[in-house]
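# A closer look at the structure
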Amino acid sequence: QVSLVESGGGLVQPGESLRLSCAASGSIFNIVTMGWYRQAPGKQREQREAVAVITNGGGTMYADSVKGRFTISGDLFKKTVHLQMNNLKPEDTAVYYCSVYDRTPMTTENYWGQGTQVTVSS
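Description of the structure in this document. It should be emphasised that the depicted structure is a prediction, and the values quoted were computed from it without experimental measurement.

### A closer look at the state of the cysteines
Counting across every chain of the model gives 1 disulfide. Across the disulfide from cysteine 22 sits cysteine 98; the S-S distance is 2.1 Å. Taking the sign of the torsion about the S-S bond as the criterion, the disulfide between cysteine 22 and cysteine 98, at about -85 degrees, is left-handed. You can see cysteine 22 sitting in strand S3 (residues 18-26) and its partner cysteine 98 sitting in strand S9 (residues 94-103), a full 76 residues away along the chain. You can call cysteine 22 buried: its relative accessible area is 2%. Overall, cysteine 98 belongs to the buried group, its relative accessible area being 0%.

Structure, rendered in structure tokens:
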């Protein structure tokens, strides 16, 4: 049983900041990537956008729309990841999901948290 617990969402005005956190627990074998995805209002699950991801090699990936504003950090050994979001814009409004890709000896599993709502509005 694997659990991902997110925290830190909320309602902010444009230009303000939020910090999201995610902690994973349970039977995770070998994290390949851990990061944040978002699902904008009216979009389907399949349309979730990768926002920021950390790889087990220490690399990071950001969506073009958040580069320079968002910073991902974390410790894959401790199974935690954070997303510092600065200068938030209304188009950042979405449900943000924490996700882990776990490579086991037999397959790669993808786990998701329940999501945390981020609303940017004046």
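### A look at the packing of aromatic side chains
Throughout the structure, instances matching the rule amount to 2 aromatic pairs. Between the aromatic rings of tyrosine 37 and tryptophan 112, the centroid separation amounts to 5.1 Å while the plane-to-plane angle is 70 degrees, which identifies the pairing as edge-to-face. A residue pair is termed long-range when its members are at least 10 positions apart, and tyrosine 37 in strand S4 (residues 31-39) and tryptophan 112 in strand S10 (residues 108-112) qualify at 75 residues. Taking relative accessible area as the criterion, tyrosine 37 reaches 15% and is therefore assigned buried. For the pair tyrosine 97 and tryptophan 112, a centre-to-centre distance of 6.4 Å together with 85 degrees between the ring planes defines the contact as edge-to-face. Of this pair, tyrosine 97 sits in strand S9 while tryptophan 112 sits in strand S10, placing them 15 residues apart in sequence. In this structure an aromatic cluster arises from ring pairing among Tyr37, Tyr97 and Trp112. Of note, arginine 48 hangs over the ring of tyrosine 97, and the distance from its end group to the ring centre comes to 3.6 Å. Lying over the aromatic face of tryptophan 112, arginine 48 brings its terminal NZ or CZ to 4.7 Å of the ring centre.

Definitions and cut-offs
Residues numbered from 1 in each chain as written. Predicted model: local features only at pLDDT ≥ 70, side-chain atom pairs only at ≥ 80, totals over all residues. Heavy atoms only, no water. Disulfide = S-S within 2.5 Å. Helix = DSSP H or I, 4+ residues; strand = E, 2+ residues; numbered from the N terminus. Buried < 20%, exposed > 50% of the residue type's maximum accessible area, 1.4 Å probe, protein only. Phe/Tyr/Trp six-rings, centres within 6.5 Å; stacked < 30°, edge-to-face > 60°. Lys NZ or Arg CZ within 6 Å of the ring centre and 35° of its normal.

On their own, these measurements won't tell you what the molecule is for.
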